[in-house]
Amino acid sequence: MGEQSQHVDVLMYHSISDAGGPTSIPAQVFSDQMNALAETGYQVANFVDLVAWRDGQNKLPEKTAVITFDDGFLDFREAAWPVLNKLGFPAIVFLPTDCMGGYENWNGANHPPRQLMSWGDISALHKDGARFGSHSQNHANLTQLRKEELGVQLRQSRSNLENALGESVRAFAAPYGAVNEGVLSAIAKYYDIAAGTRLGRTDTAVDVFDIPRLEMHYFRDIALWRRYLEGKAERYLAIRKFARNIRQAFH
Ligand SMILES: [Zn+2]
């Protein structure tokens, strides 16, 4: 059929809890968002499948979503995975490997800090089908590191994950979505694909090392989420994008 341009929606979550703030989504809202995906006929693909899709080596159904979680909060195991598992939806969690087993302790962390998964949790979930990628070693802003430190963060977090999971790790997400040209080319040395935090849909022209995502905080209103999934709320996304760019410009 050739020229049709297809989009994939890559969803971004952090914590599924009542902790408040833009990185926590209540369990009921999450469950409603997932059910809306299923009910509107969406299929959910694995994040790494986007590489072959971009290269034209595999096809994805017209309505395809990818589900991602940053930071590896314990509530992924308790609140998110049971819902995903029931619907048969795959998901990837990006882990700051040196922080696991503790609490979030980086710049911008919630007060009180939210608990992270242990390596025992991670390995149990992996056996159950959950996927994992790297989110650096300690959730550093990679644009502020010297070149050698940057290489260590990318390489060491990957090898820690590979040792824990017993398989190769191909996916990365930069903390804070903070990247520049140097960071992006370093990521490309160690990984096949990386998620960013730019708001938007993903098409085959995308930079696979800076995949845009939908911040699901913006879609807590289930009626709005359903309208988006039915293709009726793209204007909403454009407005959010505009507002977000304005905000960032003043930061
Ligand atoms: Zn993060």
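What counts, and where the lines are drawn
Residues numbered from 1 in each chain as written. Predicted model: local features only at pLDDT ≥ 70, side-chain atom pairs only at ≥ 80, totals over all residues. Heavy atoms only, no water. Helix = DSSP H or I, 4+ residues; strand = E, 2+ residues; numbered from the N terminus. Rg over C-alpha atoms; globule rule 2.2 N^0.38 Å. Buried < 20%, exposed > 50% of the residue type's maximum accessible area, 1.4 Å probe, protein only. Pairing = 2+ DSSP bridges. Right-handed = clockwise from strand over helix to strand, strands pointing away. Phe/Tyr/Trp six-rings, centres within 6.5 Å; stacked < 30°, edge-to-face > 60°. Donors = N, O, S within 2.8 Å, 3.2 Å for Na, K, Ca; no water. Expected span 1.5 Å × (residues − 1). Salt bridge = Lys/Arg side-chain N within 4 Å of Asp/Glu carboxyl O. Contact = heavy atoms within 4.5 Å. Polar contact = N/O pair within 3.5 Å; in protein donor to acceptor, adjacent residues only side chain to side chain.

Comments concerning the overall build of the protein chain
Point 1. A tally of regular secondary structure across the protein chain gives 8 helices and 10 strands.
Point 2. For the protein chain, whose C-alpha radius of gyration is 17 Å, the value lies close to the compact-globule estimate of 18 Å for 251 residues.
Point 3. With the C-alpha coordinates aligned to their principal axes, the bounding extent of the protein chain is approximately 45 × 40 × 40 Å.
Point 4. Classification of the 251 residues of the protein chain by burial places 52% in the buried group.

Description of the pairing of strand β7 (residues 131–134)
Point 1. Pairing analysis gives 4 bridges linking strand β6 (residues 92–95) to β7, with the strands arranged parallel. Looking at β7, one finds that V93 is bridged to F132.
Point 2. Crossover connection from β6 via helix α4 (residues 119–127) to parallel β7: handedness right-handed.

Quick notes on the packing of aromatic side chains
Point 1. Applying the stated rule across the entire model yields 10 aromatic pairs.
Point 2. Aromatic side chains Y13 and F30 sit 5.0 Å apart centroid to centroid with 85 degrees between the ring planes, which places their arrangement in the edge-to-face category. Residue Y13 is located in strand β1 (residues 8–13), and its partner F30 is located in helix α1 (residues 27–39); the two are separated by 17 residues in the primary sequence. An identical accessibility class is assigned to Y13 and F30; each is buried.
Point 3. Judged by centre distance (5.1 Å) and plane angle (55 degrees), the ring pair of F219 and W225 falls under tilted. No difference in accessibility class separates F219 from W225, as the two residues are buried.

Some remarks on the coordination of the zinc ion
Point 1. Taken together, D71 (OD), H135 (NE2) and H139 (NE2) make up the protein donors of the zinc ion, found 2.1 Å from the metal.
Point 2. Within one chain, the residues donating to the zinc ion are spaced in sequence as D-x63-H-x3-H. Of this pair, D71 sits in the loop between β5 (64–70) and α3 (74–87) while H139 sits in the loop between β7 and α5 (147–165), and the two are 68 residues apart along the sequence.
Point 3. Residue classification places H139 among the buried positions, given a relative accessible area of 6%.

Things to note about α1
Point 1. If you check α1, its first and last C-alpha atoms are 18 Å apart, about what 13 residues at 1.5 Å a residue would give, namely 18 Å.
Point 2. Within α1, burial applies to V29, F30, S31, Q33, M34, A36 and L37.
Point 3. Within two residues after α1, G41 carries a phi angle of roughly 85 degrees, on the positive side.

Some remarks on the pattern of salt bridges
Point 1. All chains considered together, the criterion is met by 11 salt bridges.
Point 2. For R201, the salt bridge goes to D9, with nearest N and O atoms at 3.0 Å. Residue R201 is found in the loop between β9 (193–199) and β10 (211–215), and its partner D9 is found in strand β1; the two are separated by 192 residues along the sequence.
Point 3. In this structure, R226 engages E39 in a salt bridge whose closest nitrogen and oxygen atoms are separated by 2.4 Å. Of this pair, R226 sits in helix α7 (residues 222–229) while E39 sits in helix α1; the two residues are 187 residues apart in sequence, bridging distant segments of the chain.

Comments concerning the environment of A140
Point 1. Mapped onto the elements of the fold, A140 is located in the loop between β7 and α5.
Point 2. Excluding residues within four positions of it along the chain, A140 makes contact with L145, Q153, P175 and Y176.

Details of the side chain of D70
Point 1. Note on placement: D70 falls in strand β5.
Point 2. The buried category is assigned to D70, whose relative accessible area is 2%.
Point 3. Within polar-contact distance, the side chain of D70 engages the side chain of R213 at 2.9 Å.
Point 4. Beyond its immediate stretch of four places on either side in the chain, D70 contacts M12, Y13, H14, F94, H135, A173 and R213.

Quick look at the pairing of β9
Within a regular strand, the side chains alternate between the two sheet faces.
Point 1. For β9, a buried count of 6 out of 7 residues is recorded, marking the element as mostly surrounded by other parts of the structure.
Point 2. Pairing of strand β8 (residues 171–173) with β9 involves 3 bridges; the strand directions are parallel. Residue pairing across strands places F172 opposite A194, the latter belonging to β9.
Point 3. Running through helix α6 (residues 181–190), the crossover from β8 to the neighbouring parallel element β9 is right-handed.
Point 4. By the bridge criterion, 2 bridges tie β9 to β10 in an arrangement that is parallel. Within β10, the residue paired with A195 across the bridge is I211.

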